[in-house]
Amino acid sequence: MKKKLLLIPVILILVIFVYVTSISYSLYKFHNAVYSNDEKLISETVDFESLRKYLKEDINSVMLDELNKDNSTSQAMNLLALGFASKIADMVIDVYASPKGITTLLKESDYYQELPKPNLLKSYLIINRFNFNGANEIFYVLKKDGNSIPIHFKRYGMEWKLFKLKIDPKLLNKNKY
């Protein structure tokens, strides 16, 4: 009976270790994919279908908010403008939210130039900077130049994949689509 009672904490510790290791290894793999700018690795560490969906929702929401603030044109013109802008945004997202699109964007990014070399041990240590939305979703808020970009990862079996980037409306407003 005592052996069975001792087995419960050992199993619990093992489950927690495997859970944390799956997060750490997935973060390391994602970091390595970005650092090496490898399309194949990027495609393995990103859920592009979900990423496109959430990016489109964010951009459409920001555009709708901006159009609602604009009282200089009629409601019909605003809806027409939103329809065109939404279609253009969808096309741009479909092109850039892909392994090839990400590698192209990374080559031009300031973030890419500052990336440290991937390290599996550091991937274990960085987990404490992540926020947990239940047992199957984590996110980290990347802050640079006064902008915040929450980066969300979701568990798919034993792997974690990037599935959502929350676009800071300030970034979109700077470019005024």
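About the cut-offs
Residues numbered from 1 in each chain as written. Predicted model: local features only at pLDDT ≥ 70, side-chain atom pairs only at ≥ 80, totals over all residues. Heavy atoms only, no water. Helix = DSSP H or I, 4+ residues; strand = E, 2+ residues; numbered from the N terminus. Buried < 20%, exposed > 50% of the residue type's maximum accessible area, 1.4 Å probe, protein only. Contact = heavy atoms within 4.5 Å. Areas by Shrake-Rupley, 256 points an atom, 1.4 Å probe, with all protein chains shown as cover. Lys, Arg positive; Asp, Glu negative; His and termini not counted. Charge placed at Lys NZ, Arg CZ, Asp CG, Glu CD. Patch = residues over 30% accessible without salt bridge, like charges linked within 9 Å, V, L, I, M, F, W, Y side chains within 5 Å. Salt bridge = Lys/Arg side-chain N within 4 Å of Asp/Glu carboxyl O. Pairing = 2+ DSSP bridges. Axes fitted to C-alpha atoms, helices over the stretch in contact; angles between N-to-C directions. Core = buried A, V, L, I, M, F, W, Y, C linked by side-chain atoms within 4.5 Å.

Asks: For this particular structure, what's the right way to read the overall build of the chain?
Replies: A tally of regular secondary structure across the chain gives eight helices and four strands. In sequence order, the chain lays out its α and β elements as α-α-α-α-α-α-α-β-β-β-β-α. Each principal axis of the C-alpha distribution contributes one length, and for the chain these read about 75 × 35 × 30 Å. Across the 177 residues that make up the chain, the buried fraction comes to 34%. By sequence separation, contacts in the chain at least 24 residues apart represent 59% of the contacts at least 6 residues apart. Carbon and sulfur atoms make up 63% of the accessible area of the chain, which totals about 11700 Å². Distance from the positive charge centre (25 side chains) to the negative charge centre (19 side chains) of the chain: 10 Å.

Asks: Hey, could you run me through a nonpolar patch on the surface in this one?
Replies: Together, Ile88, Met91, Val92, Val95, Tyr96 and Leu105 give the surface a local cluster of nonpolar side chains, amounting to about 570 Å² of exposed area. Top element by residues in the nonpolar patch is helix α4 (residues 75-96). It accounts for five residues. When you line up the elements, Tyr96 lands in helix α4. By relative accessible area, Tyr96 is classed as partly exposed at 38%.

Asks: So what exactly am I meant to see when it comes to the sheet that holds strand β3 (residues 147-156) here?
Replies: The strands that make up a sheet are held in pairs by hydrogen bonds between backbone atoms, and each pair lies either parallel or antiparallel. Spatially, four strands are ordered β1-β2-β3-β4 in an open sheet, and the strand pairing comes out antiparallel. The two strands at the open ends of the sheet, each matched to only one other strand, are β1 (131-132) and β4 (159-165). By the bridge criterion, two bridges tie β1 to strand β2 (residues 137-144) in an arrangement that is antiparallel. Opposite Phe132, over in β2, you have Ile138 as the bridge partner. In this fold helix α1 (residues 2-36) packs onto β1, β2, β3 and β4, with an angle of close to 60° to the strand it touches most, β4. On top of the sheet, helix α3 (residues 48-69) reaches β3 and β4; it is set at about 20° to β4, its chief contact.

Asks: Help me out: how do you make sense of the pairing of β4 in this one?
Replies: Put simply, side chains in a regular strand alternate between the two faces of the sheet. In this sheet, β4 lies alongside β3 in antiparallel orientation, the contact comprising six bridges. Each residue of the ladder has a partner; that of Arg155, found in β4, is Trp160. Taking the residues between adjacent antiparallel strands as the criterion, β3 and β4 are bridged by two residues, where Gly157 takes a positive phi near 70°.

Asks: Honestly, the nonpolar core in this entry has me stumped. Any pointers?
Replies: Counting residues in each nonpolar core, the largest one holds 28 residues, and the members touching the most others are Ile42, Val46 and Phe153. Broken down by secondary-structure element, the contributors of at least two residues to this core are α1, α2 (39-45), α3, α4, α5 (99-108), β3 and β4. When residues of this core are assigned to their parent elements, the largest contribution, six residues, is made by α3. Aside from chain neighbours lying at most four places away, what touches Phe153 is Leu27, Phe30, Phe130, Asn136, Glu137, Ile138, Trp160, Lys161, Leu162 and Phe163.

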